[in-house]
Amino acid sequence: MKSKLPTIENIKNLKGKRVVLRLDFNVPIKNGKIVETMRIDRAMPTIKYLAKKKAKVIIISHIGKDETSSLKLVVRYLNKTMNVGFVPDFRAKETRAVVDGLKEGGVVLFENLRIDPREEANDPEFAKYLASFGDIYVDDAFAATHRPHASIVGIADYLPSYAGFLIADEIKHLSLALKPKHPFLFVLGGAKFETKMPLLKKFLEIADQIFIGGVLANDFFRDEELPVGKSSVDTYNANLLSLLKTGKIILPTDALVQKGDTKKTTGKLVGEVCPDDRIVDVGMGTIKSLEPIVKKAKLILWNGPLGFYEGGFDKATAELLKMIAGSKAVSIIGGGDTAVAVDKLGIEKKLTFVSTGGGATLDFLVDGRLAGVDAIINCKKKLKA
Ligand code: 3PG
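On a predicted model such as this, the values are computed, not experimentally measured, just so you know. (Residues numbered from 1 in each chain as written. Predicted model: local features only at pLDDT ≥ 70, side-chain atom pairs only at ≥ 80, totals over all residues. Heavy atoms only, no water.)

Here we look at the overall build of the protein
1) Next: Helix and strand counts for the protein come out as 14 helices and 17 strands.
2) Next: Taken over C-alpha atoms, the radius of gyration comes to 23 Å for the protein, in line with the 21 Å a tight globule of 385 residues would show.
3) Next: Principal-axis analysis of the C-alpha atoms gives the protein an extent of 70 × 45 × 35 Å.
4) Next: The proportion of buried residues among the 385 residues of the protein is 54%.
5) Next: The contacts in the protein between residues at least 6 apart in sequence include a share of 74% that link residues at least 24 apart.
6) Next: A total of about 17700 Å² of accessible surface is found on the protein, and carbon and sulfur atoms cover 53% of it. (Helix = DSSP H or I, 4+ residues; strand = E, 2+ residues; numbered from the N terminus. Rg over C-alpha atoms; globule rule 2.2 N^0.38 Å. Buried < 20%, exposed > 50% of the residue type's maximum accessible area, 1.4 Å probe, protein only. Contact = heavy atoms within 4.5 Å. Areas by Shrake-Rupley, 256 points an atom, 1.4 Å probe, with all protein chains shown as cover.)

A short note on the packing of aromatic side chains
1) Next: Following the criterion strictly, the structure yields nine aromatic pairs and no others.
2) Next: Both rings, one in Phe-90 and one in Phe-126, keep their centres 6.1 Å apart while their planes meet at 50°; by these two values the pair is tilted. Taken together, the residues Phe-90 in the loop between strand E5 (84-87) and helix H3 (94-100) and Phe-126 in helix H4 (residues 124-131) connect sequence positions 36 residues apart.
3) Next: Seen from their ring centres, Phe-184 and Phe-203 are 6.0 Å apart, and the 85° between their planes marks the pair as edge-to-face. Of this pair, Phe-184 sits in strand E9 (residues 184-188) while Phe-203 sits in helix H6 (residues 193-206), placing them 19 residues apart in sequence.
4) Next: You can call Phe-184 buried: its relative accessible area is 1%. (Phe/Tyr/Trp six-rings, centres within 6.5 Å; stacked < 30°, edge-to-face > 60°.)

Notes on the site of the ligand
1) Next: Surrounding the ligand, one finds Asp-24, Asn-26, Arg-39, His-62, Lys-65, Arg-114, Ala-143 and Arg-147.
2) Next: For the ligand, an oxygen atom lies 2.6 Å from a polar atom in the side chain of Asp-24.
3) Next: Measuring from an oxygen atom of the ligand, one finds a side-chain N or O atom of Arg-147 at 2.6 Å.
4) Next: Protein burial of the ligand: of its 310 Å² of free accessible surface, 87% is covered by the chains.
5) Next: Residues belonging to the shell around the ligand are distributed by class as follows: one nonpolar, two polar and five charged. (Near = heavy atom within 4 Å. Polar contact = N/O pair within 3.5 Å; in protein donor to acceptor, adjacent residues only side chain to side chain. Nonpolar A, V, L, I, M, F, W, Y, C, P; charged D, E, K, R; others polar.)

Some remarks on empty space enclosed by the protein
1) Next: Under the definition given, this model contains one cavity of 30 Å³ or more.
2) Next: Counted as a void, the largest cavity has a volume near 40 Å³.
3) Next: Of the residues contributing to the lining of the largest cavity, the split by class is six nonpolar, one polar and three charged. (1 Å grid on protein atoms, 1.4 Å probe; cavity = no way out; pocket = protein on both sides within 12 Å on 5 of 7 lines; lining within 4 Å. Points joined across faces, edges and corners; volume = space filled by probe spheres on them.)

A closer look at the sheet that holds E9
Adjacent strands of a sheet pair through backbone hydrogen bonds, lying either parallel or antiparallel.
1) Next: With parallel pairing, six strands are arranged side by side in an open sheet as E11-E10-E9-E15-E16-E17. Of all the strands in the sheet, the pair left with one neighbour each is strand E11 (249-250) and strand E17 (353-354).
2) Next: Both strand E16 (residues 330-333) and E17 contribute to a ladder of two bridges, which runs parallel. The residue bridging Ile-332 from the neighbouring strand is Phe-353, located in E17.
3) Next: Contacting strand E15 (299-303), E16 and E17, helix H5 (residues 165-176) crosses the sheet at an angle of about 120° to E16. (Pairing = 2+ DSSP bridges. Axes fitted to C-alpha atoms, helices over the stretch in contact; angles between N-to-C directions.)

Considering the packing of H6 against helix H7 (residues 214-223)
1) Next: Where H6 contacts H7, the two axes come as close as 11 Å, and the packing angle between them is 85°. Taken as axis vectors, H6 and H7 run roughly perpendicular relative to one another. Between H6 and H7, the residues in contact are Phe-193, Lys-196 and Leu-200 and Leu-216, Asp-219 and Phe-220, respectively.
2) Next: Of the residues assigned to the contact of H6 with H7, the class counts are four nonpolar, no polar and two charged. (Parallel < 35°, antiparallel > 145°, perpendicular 65-115°, else oblique.)

Let's talk about helix H11 (residues 315-325)
Owing to its 3.6 residues per turn, the α-helix brings residues three or four apart onto one side.
1) Next: Within H11, eight of the 11 residues are buried, which leaves it mostly tucked inside the rest of the structure.
2) Next: Taken together, the buried positions of H11 are occupied by Ala-316, Thr-317, Ala-318, Leu-320, Leu-321, Met-323, Ile-324 and Ala-325.

Section: the environment of Thr-68
1) Next: Here Thr-68 lies in the loop between strand E4 (56-60) and helix H2 (72-78).
2) Next: Along the backbone, Thr-68 and Ile-115 are 47 residues apart, and their C-alpha atoms lie at a distance of 7.4 Å.

A short note on unusual backbone geometry
1) Next: Here His-182 and Pro-183 are connected by a cis peptide whose omega angle stands at -5°.
2) Next: Inspection of the secondary structure puts Pro-183 in the loop between H5 and E9.
3) Next: The phi dihedral of Lys-54 falls on the positive side, at around 70°, and the residue is not glycine.
4) Next: Counting through the fold element by element, Lys-54 comes out in the loop between helix H1 (38-52) and E4.
5) Next: The backbone of Lys-192 shows a phi angle near 65°, a positive value even though the residue is not glycine.
6) Next: In this fold, Lys-192 is placed in the loop between E9 and H6.
7) Next: The class for Lys-192 is exposed, based on a relative accessible area of 56%.

Next comes the structure, spelled out in structure tokens:
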């Protein structure tokens, strides 16, 4: 990132100012419970800073893919540590009175922005409407900053715009992987070559070694004509064998396989997978063999779990994470399931940085920029002294 990113610390006087704060409270909810609160917790320093400086804080966020999800549970969670009001329909005319009635240091949360289709359409009138509640716009919704939506991009046309602490922290740490210290190990797991290929190609140029797990590894096995049995594979056709010629790619040599439709699992060498086996995780022999590389690495970047995570196959991911946590390398962990694994192990403090983003993290690593960050940098509105 070349231009300097204006952050909330650049705002001289926040007292009494109305701040429209875009956060990403798109957290997973199951059986009426928030199952992972990382995104909310990591937004707290910015909320608290603004409130402490006596700003009036109007939080906006999306949750879920459409208008059917609600932020009600999020506001309940926030209220465990601070007083946060809730506006169930921010388009209702009473909203103005709620915002006008905010005390200095007061905080209110609007319901899911996606109840209005103009949000995702980046409708200028909608962006202007959201902006009308504030004197300043602050974006700290890192995980949504790749989305060119009204609350992320459009709104910066109408208000002086700044980044919060989380965005600044994410950019600082993810940028380490773009100008890395060497040896640099990149760990790539998960599925969907279609979305991961730009990342793989980019890091084949920057990293010294790339360990591949997850369904992505199965795709390599298939192209190498190794047996994959009933394992998941992508249909994406991508001349993977030519990538192996770089000599940088490390593939698993053993795997945990599930037999047929049974729940029974056994460890096998990769070449020994039978027609009714399903590869569900990387084998422990492979994880052990990575130890000298992890020990020597100065930088490790990781995106995507190594096993079939939704099915509970998280052992290889957990073991490699623990190995990395015990190493001297600067370690940057991409968001999504890998971040959930870190949380489950309680080792976040032993790693350098865990990103809150999914798609945003991938986009930043591939392009070195994000639509919402560009909007802040290019914002022409300035605060009056
Ligand atoms: C995410 O979870 O990656 C962000 O909140 C963006 O959500 P979206 O993919 O629904 O736009």
